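Okay, here's what each chain looks like letter by letter:
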Amino acid sequence: MSISLSSLIFLPIWISTAQIQQGGPDEKEKTTALKDLLSRINLDELMKKDEPPFDFPDTLEGFEYAFNEKGQLRHIKTGEPFVFNYREDLHRWNQKRYEALGEIITKYVYELLEKDCHLQKISIPEGYGVIVLNPNENYIEVEKPKMRKQLSADGTDEPAEKRERREKVSKETKKRRDFFEKYRNPQKEKEMMQLFIRENGSPEEHAVYVWDHFIAKSAAESVFFVAHSYGGLAFVELMIQREADVKSKVTAVALTDSVHNVWHQEAGKTIREWMRENCCNWVSSSEPLDTSVESMLPDCPRVSAGTDRHELTSWKSFPSIFKFFAEASQAKSSSQKPTLTRRSHRIKHEEL
């Protein structure tokens, strides 16, 4: 009969606790002894026990996965979709396996964008008609430099005995402080630190940076935005910081399941009015595509994306988005507004 690690750890503790509760005058001594016993247990080692190392393949083939003709990730042998719980009762290992595979898929998607879509990933100004922002990459992780040996107040090395006592206390304190982090990733041996990318330390900063260094300097007379989820919030922040420039250059904005909030972001009245006339938010909904969806916020019209799955809202609404852009471009040429602004829906916001 197999015994789980949780039973192995917690069952003896429960029995000892029950015995203590029945104790008499020596209850305090038993409690102290139990605490001393627990302090001797190396939880890190217990968590690592029987857990395989975090050594994963660096290719899709190594994971025995591939994308089929429909662009779906499937197992090469079984044809099944990705399985997160590859090994039972090893959540941390499964999570690391998932993250390793995710890194490979990210590189694969980049390759598709470059090879099949003829896009180019660059970090200097360029003159293409499509710019794909990357607001999720705000920092890089590097190993923390090792701390130098601390000196005593007079600048000399501490006595060995004093240093050992101080280091023991420091080690115990650090162990308690880092317990939950080590539980999440017990095999983590290197301490990492985040170095934020200059002027791109957040999605909002990234949007402003790309606007200032690329979009604003481009020769394009009509600019269209497609902003998904948090990208909508980043666009509203861009408007707040560059309102006049955005209004003069942007023709229309398609949001897909955007999480922006004009009240919390303190968008001014003129921004809200511009968004009602030039933006549309395709939100997750079980209603048919383009069905009007009510909103309590006085910003842009909301319509159904034709799916209740957040991650599919952009894909499902693309036909309507490009139609919306075409109408906006035509309206700009004839000094008229696109028909998809839903005037009746807009009046309800104005009445609010």
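Residues numbered from 1 in each chain as written. Predicted model: local features only at pLDDT ≥ 70, side-chain atom pairs only at ≥ 80, totals over all residues. Heavy atoms only, no water.

A. How the structure looks around the overall build of the protein. Broken down by element type, the protein carries 12 helices and eight strands. Looking at the 352 residues of the protein, the share that counts as buried comes to 29%. A separation of at least 24 residues holds for 65% of the contacts in the protein among residues at least 6 apart in sequence. (Helix = DSSP H or I, 4+ residues; strand = E, 2+ residues; numbered from the N terminus. Buried < 20%, exposed > 50% of the residue type's maximum accessible area, 1.4 Å probe, protein only. Contact = heavy atoms within 4.5 Å.)

B. Geometry of the packing of helix H8 (residues 230–241) against helix H10 (residues 269–278). The contact between H8 and H10 brings their axes to 10 Å, and the two run at 130°. In this view, H8 runs oblique relative to H10, as classed from their interaxial angle. Here H8 runs over H10; the crossing is right-handed. Of the residues in H10, those in contact with Phe235, Val236, Met239 and Ile240 of H8 are Ile271, Trp274 and Met275. (Axes fitted to C-alpha atoms, helices over the stretch in contact; angles between N-to-C directions. Parallel < 35°, antiparallel > 145°, perpendicular 65-115°, else oblique. Left-handed = near helix turned anticlockwise from the far one by under 90°.)

C. Summary view of the sheet that holds strand S8 (residues 302–304). If you trace the four strands from one edge of the open sheet to the other, you get S5-S6-S7-S8, paired in parallel fashion. What marks the edges here is a single partner per strand, and that holds for strand S5 (223–228) and S8. When strand polarity is set aside, the average angle formed by the axes of neighbouring strands in this sheet is 20°. Sheet topology note: the strand S6 (residues 250–256)/strand S7 (residues 279–283) ladder contains four bridges and is parallel. (Pairing = 2+ DSSP bridges.)

D. Here's a closer look at the pattern of salt bridges. Tallied over the full model, the rule gives five salt bridges. We note a salt bridge from Asp212 to Arg242, for which the minimum N-O separation is 2.8 Å. Taken together, the positions of Asp212 in helix H7 (residues 203–215) and Arg242 in the loop between H8 and helix H9 (243–249) put the pair 30 residues apart, joining distant regions of the chain. For Asp212, a relative accessible area of 25% gives the class partly exposed. When its relative accessible area of 24% is taken as the criterion, Arg242 is described as partly exposed. (Salt bridge = Lys/Arg side-chain N within 4 Å of Asp/Glu carboxyl O.)

E. Quick peek at the side chain of His75. Its place among the elements puts His75 in strand S2 (residues 73–75). A residue is classified by how much of its surface remains accessible, and His75, at 14% relative accessible area, is buried. Within the structure, His75 has its side chain in polar contact with the side chain of Glu64 (distance 3.3 Å). Among the polar contacts made by the side chain of His75, one reaches the main-chain amide nitrogen of Lys77 at a distance of 3.1 Å. The residues touching His75, leaving out its near neighbours within four places in the chain, are Glu64, Tyr65 and Glu80. (Polar contact = N/O pair within 3.5 Å; in protein donor to acceptor, adjacent residues only side chain to side chain.)

F. Inspection of the pairing of S6 at higher detail. With seven of seven residues buried, S6 is to be regarded as a mostly interior element. Taken together, the six bridges between S5 and S6 define a ladder with parallel strand orientation. From the neighbouring strand, Val223 faces S6, where its bridge partner is Val250.

G. Molecular detail of the packing of H7 against H8. Running from N to C, H7 and H8 point in directions that differ by 55°, and their axes come no closer than 8 Å. Taken together, the axes of H7 and H8 are oblique relative to one another. As for the relative orientation of H7 and H8, their crossing is right-handed in sense. Where H7 abuts H8, its residues Pro203, Glu204, Ala207, Val208 and Trp211 lie against Tyr230, Leu233, Ala234, Glu237, Leu238 and Gln241.

H. Expanded view of the nonpolar core. Core analysis: the largest hydrophobic core is formed by 23 residues, its most contacted members being Phe225, Phe235, Val250, Val253, Trp274 and Met275. If you list the elements that add at least two residues to this core, you get H7, S5, H8, S6 and H10. With five residues, the top contributor of residues to this core is H7. Excluding residues that lie within four positions of it along the chain, Val250 makes contacts with Trp211, Val223, Phe225 and Trp274. Core analysis: the next-biggest nonpolar cluster, separate from the first, contains 10 residues, Ala254, Cys280, Val303 and Ile321 among them. (Core = buried A, V, L, I, M, F, W, Y, C linked by side-chain atoms within 4.5 Å.)

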